[in-house]
Amino acid sequence: MIRFGQPSRQAEFESAILPHLDAAYSLARFLLRNDQDAEDVVQDASLRAFRFFDSFRGQNSRAWFLRIVRNTAFTALKRNRGHEEDVLFDEELHTPENPAPGLTSRLDQVHDRDTVRAAIDQLPPEFREVITLRELEECSYKEIADIAAVPVGTVMSRLARARAQLAEILSRTYMKEE
């Protein structure tokens, strides 16, 4: 029974979740590296979010929804791209030894979105996730920690390593062009 003055479940869902669809697509796109797969994941995650909306307690709807998108995307990666699952994350292997000085300032000057997107696509999924959420979606460290279900310190560590590796990839890209 719907009472006057109280929004319906659908209206509550729409006001809490729909504003975050662009962020959801952005996260899914960078995790999956494919537009169609990202669209499918966002649609699936939206249906899951609607199905479980009763468990939403009014906290940060963006973090709650993006966590569902993240989990749905990683499930899709495991199901559709087994080779990505087989690559173990090794901090020693995925951390550049000595990034060249000045790369951070060089990153600030990069304007070519396709080049940056291609560089992000080369990062391991854990790094693509934190870079996308922090730099593109402007999530706080706490929001990222909530979405990824990891401690804030892990977010900070992954983000530092992701930035260093991204700088190294972009440096190699621009060295080839020169």
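Okay, so let's go over this structure. The structure displayed is predicted, hence computed values, not measured ones.

**Points about the overall build of the protein chain**
Counting its regular elements, the protein chain contains 10 helices and 0 strands. Beginning at the N terminus, the succession of helices and strands in the protein chain can be written as α-α-α-α-α-α-α-α-α-α. Classification of the 178 residues of the protein chain by burial places 42% in the buried group. Excluding contacts between residues fewer than 6 apart, the proportion of contacts in the protein chain whose partners are at least 24 apart in sequence is 74%. Just so you have it, the protein chain exposes about 10,700 Å², and 50% of that area is on carbon and sulfur atoms.

**Considerations on unusual backbone geometry**
The residue Arg 33 is not glycine, and still its phi comes out positive at about 65°. Considering the arrangement of structural elements, one finds Arg 33 in the loop between α2 (21-32) and α3 (35-51). Non-glycine residue Ala 149 carries a positive phi angle of around 60°.

**Focus: the packing of aromatic side chains**
By the definition in use, this model includes 5 aromatic pairs. Geometrically, the ring pair formed by Phe 53 and Phe 56 is stacked, given 5.5 Å between the ring centres and 20° between the ring planes. In terms of burial, Phe 53 and Phe 56 fall into one category: buried. Geometrically, the ring pair formed by Phe 53 and Trp 64 is edge-to-face, given 6.2 Å between the ring centres and 70° between the ring planes. Residue Phe 53 is located in the loop between α3 and α4 (61-80), and its partner Trp 64 is located in helix α4; the two are separated by 11 residues in the primary sequence. The same class applies to Phe 53 as to Trp 64, namely buried. An aromatic cluster is present here, built from Phe 13, Phe 50, Phe 53, Phe 56 and Trp 64 joined pairwise through their rings. Here Arg 9 stacks its cationic end above the ring of Phe 50, 4.5 Å away from the centre of that ring. Above the plane of the ring of Tyr 141 lies Arg 134, whose end atom (NZ or CZ) is 4.8 Å from the centre.

Calculation criteria
- Residues numbered from 1 in each chain as written.
- Predicted model: local features only at pLDDT ≥ 70, side-chain atom pairs only at ≥ 80, totals over all residues.
- Heavy atoms only, no water.
- Helix = DSSP H or I, 4+ residues; strand = E, 2+ residues; numbered from the N terminus.
- Buried < 20%, exposed > 50% of the residue type's maximum accessible area, 1.4 Å probe, protein only.
- Contact = heavy atoms within 4.5 Å.
- Areas by Shrake-Rupley, 256 points an atom, 1.4 Å probe, with all protein chains shown as cover.
- Phe/Tyr/Trp six-rings, centres within 6.5 Å; stacked < 30°, edge-to-face > 60°.
- Lys NZ or Arg CZ within 6 Å of the ring centre and 35° of its normal.

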